[in-house]
Amino acid sequence: MTAAAKVPPARVVRLVERVRRNLSRLSGRMVPPPIAMLELVLGTWVSQAIQVAAALGIADALAGGPLPAGELAKRVDANPDGVDRLMRALVSRGVFRRHRDGRYALNALGETLRSDVGSPMRAAGLFYGSRQQREHWTHLLDAVKTGKPVVESLRGKEFFEYLSDDPEFAGLFNDAMTGMSEMTVQPAVAAYDFSRYATIIDVGGGHGRLLAAILDATPSARGVLYDLPDVVATAPKLLAEFGLTERVDVQGGSFFDAVPSGGDAYVMKHIIHDWDDEQALAILRNVRAAIKPGATLLLLEFVIPDDDGDFIGKWVDLEMLVQAGGRERTAEQYRSLLAQAGFRMTGVVETAAPISVVEAVPV
C-alpha cells in the first residue's frame, strides 16, 4: 500500500473535525466565561513550554524509555527541579506522560517532538517559540491597525530579505516550513487526480518534494521544477532519491519575471498566500502568459470557509498579516483573483489536510 492510499478520505476528516469543534464548544460552555477566556489567554505559555521541551531534546532523551526527573535533567543538561516542573505542566496538557513511580515517558504527542522520526512538529515548536517569532507577534496590534506586516518596521527590510540576515532564524523557518509542507503532500496527491496531465510544472516548487510525490503517483507524467536558482540547486539530489532524474527538468528563475511554458498542469503550493493581491496577480498573470489552451492551474492553499468554525487557516492568515503581508483567501476571493488574472475557477477539491486544491483554467 502506498503512502497516499493510507490517507483518510477528506469527508471523514471533516466529520471528525466537526465533532471535535462541537465538543470544544461544549467544554467551553461548562466553565465560567472568565475561566474559559483565561485558558485561551494562557495558551502562549503552553506553546513556550513545548518550545523549551523541543530545544532541550526531551523527547529524544526519553526515546530509550521512561526516566525520573533527575536523570532526564542530566541527559538534557538542565536543572532537575526546572525539568520536573516543566514536565508536570506538559503532562497536564497531554504532552508526555508520568508513570505511577514518577518517571516521565513518551506518549503519542511526545513522540512528535523527537528529532529522529521525521515529524515536523519539533521544528514547528522551535520556530513558533523562537524569540524572533515571538517578537513579531507582539506587534499584532500594529499589523491589525495598519493592515501591514510588522517585520519591515522592526527589521528594516521585508520578511524574506530579513531571513538572509539572520541565519539562525532562517534555519528554524526553513525547517518548520519544510516539515509542515510535507504534511500536506500525500493528502493532496491522494485527493486530486494528476494522472490526466502529461507534463506538470511545479512553479515555486522548492526542492521538488511535491512534484516527486505527484510523479511517483503518475508514472507516465513528466515534470518541470521551477524556482529560484539557489533553491533548486539541491533538487537533483532529492529527485535522484525518487528515481526521477530523467523525468524532471529543473529550471531556475523567478515567477515574478516569467514561468516555463508547455505544461498541461501548473501547480503552486503555498505560493499565492505569501503575497498581497497586487503581487499575487503579477505571478498569476505570468502563469497566464505561459499556459496553453486546455491546460489547468492548480493552487494548493488554505481556503477559508464561510462559516464561523475554528480553522487553522484563519490563524495562518494572521501570521501572513504579521510577517509577510500575504493572506489566506476564501473560495470567492480566489475566484475573483483568478478572474482578474485571466482564469476561470472550476472547483475546489478538499484534502484530508487543511489545504485544498483550487482548480482553474485559462479564459
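Residues numbered from 1 in each chain as written. Predicted model: local features only at pLDDT ≥ 70, side-chain atom pairs only at ≥ 80, totals over all residues. Heavy atoms only, no water.

### Things to note about the nonpolar core
Ranked by internal contacts, the top residues of the largest apolar core, which has 33 residues, are F194, I200, I214, V248, V267, L298 and L300. With six residues, helix α14 (residues 209-217) is the largest single contributor of residues to this core. Among the nonpolar cores identified, the runner-up in size contains 30 residues, and L281, V303, M345 and A360 belong to it. (Core = buried A, V, L, I, M, F, W, Y, C linked by side-chain atoms within 4.5 Å. Buried < 20%, exposed > 50% of the residue type's maximum accessible area, 1.4 Å probe, protein only. Helix = DSSP H or I, 4+ residues; strand = E, 2+ residues; numbered from the N terminus.)

### Observations regarding the confidence of the model for the protein
Mean pLDDT over the protein works out to 94, with 99% of the residues at or above the 70 mark. Note on residues 1-5: pLDDT is under 50 here. Beyond four places in sequence and across chains, it has five contacts. (pLDDT = per-residue confidence, 0-100. Contact = heavy atoms within 4.5 Å.)

### Notes on helix α6 (residues 80-92)
For α6, spanning 13 residues, the distance from its first C-alpha to its last is 18 Å, which sits close to the expected 18 Å at 1.5 Å a residue. Buried within α6 we find V83, L86, M87 and L90. Seen from one end, α6 has its buried residues packed into an arc of 95°, which puts them on one side. Summarising the geometry of α6, the exposed residues directed more than 90 degrees from the buried face are R85, R88 and S92. (Expected span 1.5 Å × (residues − 1). Arc of directions from axis to C-beta.)

### Here we look at the UniProt feature "domain: O-methyltransferase dimerisation" (unreviewed entry) in the protein
Here the UniProt-annotated "domain: O-methyltransferase dimerisation" (unreviewed entry) positions come out as residues 38-113. Secondary structure over residues 38-113 splits into 62% helix and 5% strand, and the C-alpha atoms at its two ends are 26 Å apart. (UniProt positions renumbered as here; feature names shortened; annotations may be inferred.)

### Description of the packing of aromatic side chains
Each aromatic ring pair is specified by the distance between its two centres and by the angle formed by the two planes. Applying the stated rule across the entire model yields 14 aromatic pairs. Judged by centre distance (5.9 Å) and plane angle (45°), the ring pair of Y162 and F169 falls under tilted. Centre to centre, the rings of F302 and F311 are 6.3 Å apart; their planes meet at 80°, and the pair counts as edge-to-face. Grouping residues by exposure puts F302 and F311 together as buried. Each residue in the set F127, Y128, F159, F160, Y162, F169, F173, F255, F256 and W275 is aromatic and connected to the rest through ring pairs, giving one cluster. (Phe/Tyr/Trp six-rings, centres within 6.5 Å; stacked < 30°, edge-to-face > 60°.)

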